[in-house]
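# Observations on the three-dimensional arrangement
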Amino acid sequence: MSFYCNKFIKQLNLNEVIKNVCCIGAGYVGGPTMSVFSDKCKDIVFNVVDVNEERIEAWNSDDLDKLPIYEPGLDEIVERCRGNNLFFSCEVKKCIAEADMIFISVNTPTKTKGIGAGKASDLKWVESCARQISKYATLHTIVVEKSTLPVRTGEVIKEILDSSKPLENKNSTFDILSNPEFLAEGTAINDLLNPDRVLIGGENQDAINELHSIYKNWIPEEKIIHTNLWSSELSKLTANAFLAQRVSSINSIGALCEATGADIREVSRAIGKDSRIGAKFINCGPGFGGSCFKKDILNLVYLANYFGLPEVGDFWESVVLLNSWNQNRMSRIILQKLFGTLTGKKIAILGFAFKANTNDTRESPAIQICKSLLEEGANLKIHDPKVSKKQISNDLSIPPEDECIKNPEFNKLYSDKKWNKYSLTEDFFNDVDAIVILTEWVIYSKLDWKVISNKLRSPAWVFDTRLIVNEQEVLESGLNLWRVGDGTLN
Ligand code: NAD
Ligand code: UGA
């Protein structure tokens, strides 16, 4: 079954109610966001468009398990709305032409070359959207920045929109709004239904009110904040920087706990009770992952340096440096505990996603940690409930062992870097030397250590980088335990 944009003749004048919304980008933000919008605004048609045909096909799949994104609760909403007022397609031109409001929800990764490489955001996808909108939009269109963008990108978008109009649309007009998304993966649906706040930045109050009226369908008025465009753009980068900073802060103290006999869980509890600090985002772990924290902080660093504030840039860059150090620390500790050599040792990796309840692996600490362990000669048995073998293979840039066996060239190239993905059966643990928990999936907190310990090769280790296992059960099963931030086990 496939679902196409419905036929809709655009008739909007500003101050009329929004009837047709287009979202460019059917990714982790565009897909879930528009699904929730369509569920809450039945009188509006939502067309989510993307250039990636495979992704759109997956969004239109009859089998809801095949949606391109795993997010708890998403499948039910898609089932309810798709084909009614929610449509996924590659018909970019048509959907732009019909839309009263267009969300730009495309990727904004870090530039890999040219000026600002390694720090500044690559805005080529945003620019391409702006050019397409300018070309195809008709009458008046409100363009909403949903992607996370550097401060003052609104200015660039406006310039492109106004300067690239073809003759037949020369009278078309635009308003730009910034409406950054604060959802976190794994809890996206709840975050979209019950956000702490919705931020709308803009210059034209009528345009702000139009977007406000959409959110008003389910968000209490007092949670909808209006700011100017630049404050809104900068607030998004700042929010991510503050959150990531907390993770690096607690991870730095975790390392100190390990060295001093303190326990990071006790320290987190103690500081979190201070209402000025708060209990959230102080879980020690292998380091933050995800597609945004690193790129958004590096973007902030770039902006600070660009505006002549190198001390500000250095301050935020240290958050990212600490994070890389912490990720590398995990593989160094594993190597050290396993007598300084991993050659030929079997290591079970539990979890590859950057956090639980998502299939996203972008910047997952698992990638760097697994690469280092493979480099040391370990043989990895990887499990993750939602990440595919193909994705792991792409992330590691090494084919799995079964593919290597079939292909003599691969076999030669990767003979000392063996990994495969398995189901979590009891056999999974046969002859394993160490178990490394990298993602906090609930199933890993419910493992039967008595049963597992009989399968392992002694002396076997459990490395818990997410603080989810029961210490007593692991130790009573005769296994060695290392836990991030726990100095009491030394
Ligand atoms: P994503 O890579 O999952 O999705 C982006 C999609 O845009 C891709 O499918 C791509 O094919 C499509 N695209 C790019 N250019 C296009 C064009 N010209 N026309 C049509 N489609 C186009 O990215 P994402 O994770 O959804 O993130 C999108 C933005 O939202 C980023 O700026 C990110 O920083 C921000 N953000 C992400 C999250 C998150 O949790 N992932 C949360 C908040 C904000
Ligand atoms: C984060 C923000 O939380 C969202 O508000 C924001 O919209 C989003 O980035 C974005 O702009 O992309 P997300 O990356 O999906 O969301 O997930 P988080 O829950 O923030 O976790 C990020 C990383 O930090 C994960 O690897 C997680 O395991 C780690 N983390 C988080 C910790 O190690 N400890 C914590 O206490 C919290």
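Up top is the structure.
Everything numeric here is computed off the predicted structure, so don't read it as measured data.

Below, the discussion takes up the site of ligand 2. Residues in close proximity to ligand 2 total 19 residues, the closest being Phe182, Leu183, Glu185, Cys292 and Arg466. Within the contact set of ligand 2, a nitrogen atom lies 2.9 Å away from a backbone nitrogen or oxygen of Asn283. Contact with the protein chains removes 90% of the 700 Å² of surface that ligand 2 exposes when unbound. Element by element, the count of residues in the shell around ligand 2 is highest for helix H9 (residues 229-260), at four residues.

Right, let's talk about the packing of aromatic side chains for a bit. Taken as a whole, this structure holds 17 aromatic pairs when the rule is applied. Ring centres of Phe37 and Tyr215 lie 5.2 Å apart, and the angle between their planes is 80 degrees; this geometry places the pair in the edge-to-face category. With Phe37 in helix H1 (residues 30-40) and Tyr215 in helix H8 (residues 205-215), the pair connects residues that are 178 residues apart, well separated along the chain. On the basis of an interplanar angle of 80 degrees and a centroid distance of 5.5 Å, the ring pair of Phe288 and Phe293 is categorised as edge-to-face. Comparing Phe288 with Phe293, the two get one shared label, buried. Taken together, the ring pairs in this structure connect Phe37, Phe46, Phe103, Tyr215 and Trp218 into an aromatic cluster. Here Lys381 stacks its cationic end above the ring of Tyr422, 5.1 Å away from the centre of that ring.

Where burial is concerned, the two faces of strand S12 (residues 434-437) agree: the one with Ala434 and Val436 and the one with Ile435 and Ile437 are both buried. Summarising the sheet, S12 and strand S13 (residues 461-464) pair through four bridges and their orientation is parallel. Residue pairing for S13: Val436 is matched across the bridge by Phe463.

Rules used in this analysis
Residues numbered from 1 in each chain as written. Chains lettered and ligands numbered in written order. Predicted model: local features only at pLDDT ≥ 70, side-chain atom pairs only at ≥ 80, totals over all residues. Heavy atoms only, no water. Near = heavy atom within 4 Å. Polar contact = N/O pair within 3.5 Å; in protein donor to acceptor, adjacent residues only side chain to side chain. Areas by Shrake-Rupley, 256 points an atom, 1.4 Å probe, with all protein chains shown as cover. Helix = DSSP H or I, 4+ residues; strand = E, 2+ residues; numbered from the N terminus. Phe/Tyr/Trp six-rings, centres within 6.5 Å; stacked < 30°, edge-to-face > 60°. Buried < 20%, exposed > 50% of the residue type's maximum accessible area, 1.4 Å probe, protein only. Lys NZ or Arg CZ within 6 Å of the ring centre and 35° of its normal. Pairing = 2+ DSSP bridges.

Geometry only, nothing functional implied.
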